[in-house]
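Coordinate inspection notes
Single-letter residue listing:
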Amino acid sequence: MPSAGPEILLEAPHIIVRLPGTHRVLSWALVGGGLRQSSAVVWREVQSRDLGPGVCAKSLLQESLDAVGHPNAIGLLTSAPLRDYCAVQETRDGHTAVALATVGLSNALAVGDPPNINPRSFGTINVLAWFSHGLSQSATVEALSIAAEARTTAVLEAKVQSRVSEEFASGTGTDCIVVASPVSPEEHSYAGKHTNAGSLLGQTCLAAVRGGISKWRTRSKSRV
């Protein structure tokens, strides 16, 4: 059975995404990373002063999740203004995908660059990719690959130069992608490009990151 869509709440300094019921979630998020079950994804906007010497970013984020009433949520940090988030929804043949992205590219890097241990500025791309029907464990991994490919495509299209090389960036040093689908006895076994799931997730993630990049460029121009 299809699931109703996620509820997106902008409550600065947080975006709270309430998932409709218990979901299988895969990510490498700072809090709640790995393969697990959850019913919420929460962004926390931070500034440089929030992460000064002696501050544990993971503890700060967990405290934020506790404060907004979602201690078991998947937690993401970003310095991008949350008001600039981009959410895109697509539906086809009774299936729906939703992607939500926040984008900052001041820490842009090309895949394979030397590690940038002490970046002069921070920026990250955070993406939530949600699908209305259950995905098997292997399909969830495949969906994460599709979302990452969409993120990379959007960044390469933008032709932003890496901060440490002359290559075009393919992302940032701190990107995170979250894939979520409802826990269900009926699961899609595949989520590649030849499937409705993969096509919809790819479309929405690509559009959401493109929109976030456009807003980042607008912000960057306003600071010049």
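These numbers come from a predicted model, not from an experiment. (Residues numbered from 1 in each chain as written. Predicted model: local features only at pLDDT ≥ 70, side-chain atom pairs only at ≥ 80, totals over all residues. Heavy atoms only, no water.)

A short note on the pattern of salt bridges
Side chains that differ in sign of charge can pair as their charged atoms come close. Counting across every chain of the model gives 6 salt bridges. With a shortest N-O distance of 3.0 Å, Arg24 and Glu187 are connected by a salt bridge. Taken together, the residues span a long stretch of sequence, with Arg24 in strand 2 (residues 14–27) and Glu187 in strand 12 (residues 187–188) at a distance of 163 residues. On the basis of relative accessibility, which here comes to 38%, the residue Glu187 falls in the partly exposed class. Residues Arg151 and Asp175 are paired through a salt bridge, measuring 2.9 Å at the closest nitrogen-oxygen approach. Within this pair, whereas Arg151 is found in helix 2 (residues 137–158), its partner Asp175 is found in the loop between strand 10 (171–172) and strand 11 (176–182), the two being separated by 24 residues in sequence. The pair Arg151 / Asp175 is uniform in exposure class, with both members buried. (Salt bridge = Lys/Arg side-chain N within 4 Å of Asp/Glu carboxyl O. Helix = DSSP H or I, 4+ residues; strand = E, 2+ residues; numbered from the N terminus. Buried < 20%, exposed > 50% of the residue type's maximum accessible area, 1.4 Å probe, protein only.)

Thoughts on the environment of Ala80
Note on placement: Ala80 falls in the loop between strand 4 (74–78) and strand 5 (86–92). Ala80 gets classed as buried once you look at its relative accessible area, which sits at 5%.

Here we look at unusual backbone geometry
Between Ala12 and Pro13 the backbone carries a cis peptide bond, its omega angle lying at 5°. Checked against the element boundaries, Pro13 lands in the loop between strand 1 (7–11) and strand 2. Phi at Asp93 is positive, roughly 55°, even though this residue is not glycine. Assignment of secondary structure puts Asp93 in the loop between strand 5 and strand 6 (95–103). The phi angle at Lys159 is positive, at roughly 55°, despite the residue not being glycine. Counting through the fold element by element, Lys159 comes out in the loop between helix 2 and strand 10.

Considering the nonpolar core
Core analysis: the largest hydrophobic core is formed by 37 residues, its most contacted members being Val209 and Ile213. Residue assignment for this core shows that the elements contributing at least two residues are strand 6, strand 8 (125–131), helix 2, strand 11 and helix 3 (196–222). The element that contributes the greatest number of residues to this core is helix 2, accounting for 10 residues. When sequence neighbours within four positions are dropped, the list of residues in contact with Val209 reads Ala101, Val103, Ile125, Val127, Arg151 and Ala154. In this structure, Leu82, Val98, Leu128 and Trp130 belong to the second largest nonpolar core, which totals 17 residues. (Core = buried A, V, L, I, M, F, W, Y, C linked by side-chain atoms within 4.5 Å. Contact = heavy atoms within 4.5 Å.)

By themselves, these are just geometric observations and shouldn't be taken as functional.
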